Amino acid sequence: MKAIPYQWAALLIALLIPVCANAHAFLDHAEPRVGSHVSPAPLQVKIWFTDHLDPAGSNIRVADATGKQVDRGDVQIDPNDTTIMSVSLTALPPGQYTVTWHARCPQGHNTRGTFTFNVETN
Ligand SMILES: [Cu+2]
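Residues numbered from 1 in each chain as written. Predicted model: local features only at pLDDT ≥ 70, side-chain atom pairs only at ≥ 80, totals over all residues. Heavy atoms only, no water.

Caption draft 1: Molecular detail of the packing of aromatic side chains. This structure, assessed with the given rule, holds two aromatic pairs. Ring geometry for F49 versus W101: centroids 5.2 Å apart, planes at 75 degrees, classification edge-to-face. Note that F49 is positioned in strand 3 (residues 44–49) and W101 in strand 7 (residues 95–104), a separation of 52 residues in sequence. Under the relative-accessibility criterion, W101 is labelled buried at 6%. When the ring of Y97 is compared with that of F117, the centres are 5.7 Å apart and the planes differ by 25 degrees; the resulting orientation is stacked. Here F117 lies in strand 8 (residues 110–119) and Y97 lies in strand 7, a separation of 20 residues in the sequence. (Phe/Tyr/Trp six-rings, centres within 6.5 Å; stacked < 30°, edge-to-face > 60°. Helix = DSSP H or I, 4+ residues; strand = E, 2+ residues; numbered from the N terminus. Buried < 20%, exposed > 50% of the residue type's maximum accessible area, 1.4 Å probe, protein only.)

Set out below in structure tokens:
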């Protein structure tokens, strides 16, 4: 019966790995939608994540085609649903915009990603 502690350890590892893998905050969907063409220009970028967000390690930046920041730097996590993060935008002329997001889940795992959307002329 000396093997039991090892078996318990193996069981714990087997149980913990899937939980951890599912707990990362990845982009679920966004508004404007990933890769979309929109008109009129959106007033904010809002992203729904697959896990809750730690404000200390979570952020959204939006840049125009020249790399200039076009968001207002007022990133906020929805107090009623901490899987949702948004940032408001300056008035966007037609063009392509890149959204870069960083997310940290409550377990401290960091994820990041980028996507683009296009503002069309009316
Ligand atoms: Cu995680």
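Still more ground to cover, so stick around.
Caption draft 2: Local environment of the sheet that holds strand 5 (residues 76–77). Taken in spatial order, the four strands of this open sheet run 1-3-6-5, and their pairing is antiparallel. Edge strands, defined here as strands with exactly one partner in the open sheet, are strand 1 (27–31) and strand 5. Sheet topology note: the strand 5/strand 6 (residues 84–88) ladder contains two bridges and is antiparallel. Bridge pairing in strand 6 links Q76 to S86. (Pairing = 2+ DSSP bridges.)

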